[in-house]
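# Structural characterization, general
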Amino acid sequence: MTAPARQFTQLSSGISGLDSLLRGGLVEGRLYLVIGPPGTGKTLLGTQFLEAGLEAGDDVLFIHAEESATDLLANTAELGIDIADATFLDVGPDSEFFEEAESYDVVKPRDVEDGHLISDIREAIERVDPDRVLIDPITHFQYLEPTEYQFRKRVISFARFLQDRETTVLATKTPSNQMDSQLRSLSDGIISLSYGDERAGRRIRLRKHRGIGQQDGSHGMEIRQSGVEVYPALEPERRTRSFDPTQFSAGVPELDSLLDGGLERGTVTILSGPSGVGKSTTATEFLASAAADGSPGLAYLFDESIDTFTHRCETFGLPLSRLRDEGTLLVEEVESLALSPEEFANRVKTQTAERGAELVVIDGIAGYKNAIKHGHDGVELRRRLHALTQHLTRGNTAVILIDQRRDVTGLHEPTSENVSYLADNIVFENYIEVEGELQRVVGALKKRVGGFETVPRRFEITADGLQVGDPVSGMHGVFEGVPEQHGEDTNQSSTR
């Protein structure tokens, strides 16, 4: 006979992203260890756990040893966290211990605590009968016991004492070799925090969540004006809508013809080419055309300011300001090293859903890699971008990624940064040299849905926008950037 599945009551940690990683929240009556170096946000995370309890009508107890209750209340109030109604138990040594010391001799832990620590904690718990307890840090238990065996017995006894009362405990600890393995094995859940340099940023990882499971891997974390914020990495999801091959037009008939009608919903297009060739302008043609047809769009700028982007596009006849004022187009400038890949993905995901966006432009891939905080190598960061594009396309949102190549002419590789695998479609724009003059061409190298023209077309950027001519004819070597004429090129000036 199969035993019935055990039912768990889960509580909010006070941080929605962390609850998501915990598959619903903390389990009532369990012991959780928050471990990380100094300054990673352990105490702050714990106080948000207490605040969530107070907001739910719980009784909460804060057992602290390194900061006074006055300082803790002042620090949390600065972030808008209200734990004034919590019960505080200070188990750290008071000032008299320093004032009465006659020498700097090592003092035995039991003498420091005067044997009252355990009895004080027990009395406070029995008096308050808390639903939630924060122990910051749990190291004081560690200092009381002379051996790992005694320490293990103490923690097991304490955990069972609280479990019998259905009390949920969060305990903080700085990593060390001393008795770390004991605490990790005894905890029902382990929340690991880290902080590298400015490039890596803050990270959070769940190492364990007994009986429930957790979202594995490294995730984004920030400390902002409202406290700790957690951004889970996007997980692969099933397609939320059936694939819709409806196309987005660029509003430029010749470019649409090159792409057999335009770009399909639910696909990723990489628009590749050297600096200044017209990639952003081309992507904006699609955005403007979609917005004019009632399909909202989003654009995220990593390589350019909003003001410059808006001025340049309007110089070329694209009404960016009007579309933004009408609410059919949102353009955001992403500040360098301000976001983790997970926070950026969460922002795109949320804004896409809120605005019903059907076309998203990320300008560009190299800027994303340079501007986004991450503790990963380039390969892992591309995987994060891949997860984001997958999420968008499975909701039938079209994505355009702008990829800048270093070569001014030639097409040695269709994309840079090894990102070809992201693309359903690859559109390239390039310079070609004709009799000492640089001209622009646009072509398609790949289109997963439908066909495309195999011969590129010349184009110009004018005050009226993108002007695309007929297919280049009478030449070979166009893809290499230095074409040779093998017949009369009747389309050399046909770009209007």
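Residues numbered from 1 in each chain as written. Predicted model: local features only at pLDDT ≥ 70, side-chain atom pairs only at ≥ 80, totals over all residues. Heavy atoms only, no water.

### Regarding the packing of helix H14 (residues 341–355) against helix H16 (residues 378–394)
The condition is simple: Axis geometry follows a simple rule: fit a line to the C-alpha atoms, using only the stretch in contact for helices, then measure angles between N-to-C directions, giving values from 0 to 180 degrees. Segments assigned H or I by DSSP are reported as helices when at least four residues long, segments assigned E as strands when at least two residues long, and all are numbered from the N terminus. Under this scheme an angle from 65 to 115 degrees is roughly perpendicular, one under 35 degrees roughly parallel, and one over 145 degrees roughly antiparallel; angles in between are oblique. By definition in these notes, contact holds between two residues if any of their heavy atoms fall within 4.5 Å. Note on residue classes: Ala, Val, Leu, Ile, Met, Phe, Trp, Tyr, Cys and Pro are nonpolar, Asp, Glu, Lys and Arg are charged, and everything else, Gly too, is polar.
As a packed pair, H14 and H16 sit with axes 10 Å apart at the nearest point and diverge in direction by 10 degrees. Comparing the axis directions of H14 and H16 gives the class roughly parallel. Facing Pro341, Glu342, Phe344, Ala345, Val348, Lys349 and Thr352 of H14, the residues of H16 in contact are Leu381, Arg384, Leu388, His391 and Leu392. In terms of residue class, the contact of H14 with H16 is made up of seven nonpolar, two polar and three charged.

### Some details on the sheet that holds strand E22 (residues 465–471)
Rule in force here: Pairing between strands requires that DSSP locate at least two bridges from one strand to the other.
Across the sheet, nine strands lie side by side as E16-E15-E17-E18-E14-E19-E20-E21-E22; this open sheet has mixed pairing. Of all the strands in the sheet, just strand E16 (329–333) and E22 have a single pairing partner and so form its edges. The mean angle between the axes of side-by-side strands here comes to 25 degrees, regardless of whether they run parallel or antiparallel. Two strands pair when backbone bridges link them, and strand E15 (residues 297–301) and E16 are joined in this way by five bridges, in the parallel orientation. For Tyr300, the partnering residue across the bridge sits in E16 and is Glu332. Most of the contacts of H14 go to E15, to which it runs at about 160 degrees, and overall it touches E15, E16 and strand E17 (359–363). In this fold H16 packs onto strand E14 (268–274), E17 and strand E18 (398–405), with an angle of close to 150 degrees to the strand it touches most, E18.

### Quick look at the packing of helix H6 (residues 117–128) against helix H8 (residues 148–164)
Viewed as axis vectors pointing N to C, H6 and H8 meet at an angle of 10 degrees, and their least axial separation amounts to 12 Å. Put simply, H6 runs roughly parallel to H8. Where H6 abuts H8, its residues Ile118, Ile121, Arg122, Ile125 and Glu126 lie against Arg154, Phe158, Phe161 and Leu162.

### Some points on empty space enclosed by the protein
Stated formally: Cavity means a closed set of points on a 1 Å grid over the protein atoms alone, one where a 1.4 Å probe fits but cannot get out, pocket means an open set with protein on both sides within 12 Å along at least 5 of 7 lines, and lining means a residue has an atom within 4 Å of a point. Grid points are joined across faces, edges and corners, and a volume is the space filled by probe spheres set on the points.
One pass over the full model with this rule turns up three cavities of 30 Å³ or more. Here the largest cavity defines a volume of roughly 60 Å³. Lining of the largest cavity is provided by Ile63, His64, Ala65, Val91, Leu117, Ile121, Ile135, Asp136, Pro137, Ile138, His140 and Phe141. Within the residue set of the lining of the largest cavity, elements represented by two or more residues are strand E4 (60–64), H6, strand E6 (132–136) and helix H7 (139–144). Its residues assigned to classes, the lining of the largest cavity shows nine nonpolar, two polar and one charged. Of the pockets and cavities examined, the second largest cavity occupies roughly 50 Å³. For the lining of the second largest cavity, the secondary structure elements donating two or more residues are E14 and helix H11 (279–292). Across the lining of the second largest cavity, the residue classes break down as seven nonpolar, two polar and no charged.

### Topic: the pairing of strand E8 (residues 189–195)
Let me state the cut-off plainly: The classification of residues rests on relative accessible area computed with a 1.4 Å probe and restricted to protein chains. Under 20% of the type maximum is buried, over 50% is exposed, and intermediate values are partly exposed.
Counting buried positions along E8 gives five out of seven residues, so the element sits mostly inside the fold. Pairing geometry for strand E3 (residues 31–35) and E8, over four bridges, is parallel. In the strand pairing of E8, Tyr32 is matched with Gly189. Across seven bridges, the pairing between E8 and strand E9 (residues 202–209) is antiparallel. What sits directly across from Tyr195, in E9, is Arg202.

### Things to note about the confidence of the model for the chain
Heads up, the rule is: By definition, pLDDT measures how confident the predictor is in each residue, and it falls between 0 and 100.
Counting all residues, the mean pLDDT for the chain is 85, and 84% of those residues have values of 70 or more. Here residues 95–99 is modelled with pLDDT under 50, and outside its nearest four sequence neighbours on either side it reaches two contacts, counting other chains as well. Here residues 101–107 is modelled with pLDDT under 50, and outside its nearest four sequence neighbours on either side it reaches two contacts, counting other chains as well.

### Re a negative patch on the surface
Note the threshold: Surface patches are defined over residues having more than 30% relative accessible area and no salt bridge, joining like charges when they lie within 9 Å and nonpolar side chains (Val, Leu, Ile, Met, Phe, Trp, Tyr) when within 5 Å. What sets the accessible areas is the Shrake-Rupley method with a 1.4 Å probe; for residues, cover comes only from the shown protein chains. Any Lys or Arg side-chain nitrogen found within 4 Å of a carboxyl oxygen on Asp or Glu counts as a salt bridge. Lys and Arg are tallied as positive, Asp and Glu as negative. Neither His nor the chain termini are counted. Taken as the charge location is NZ of Lys, CZ of Arg, CG of Asp or CD of Glu.
Together, Glu28, Asp59, Asp131 and Glu166 make up a region of like negative charge exposed at the surface. Here Asp59 shows up in the loop between helix H2 (42–55) and E4.

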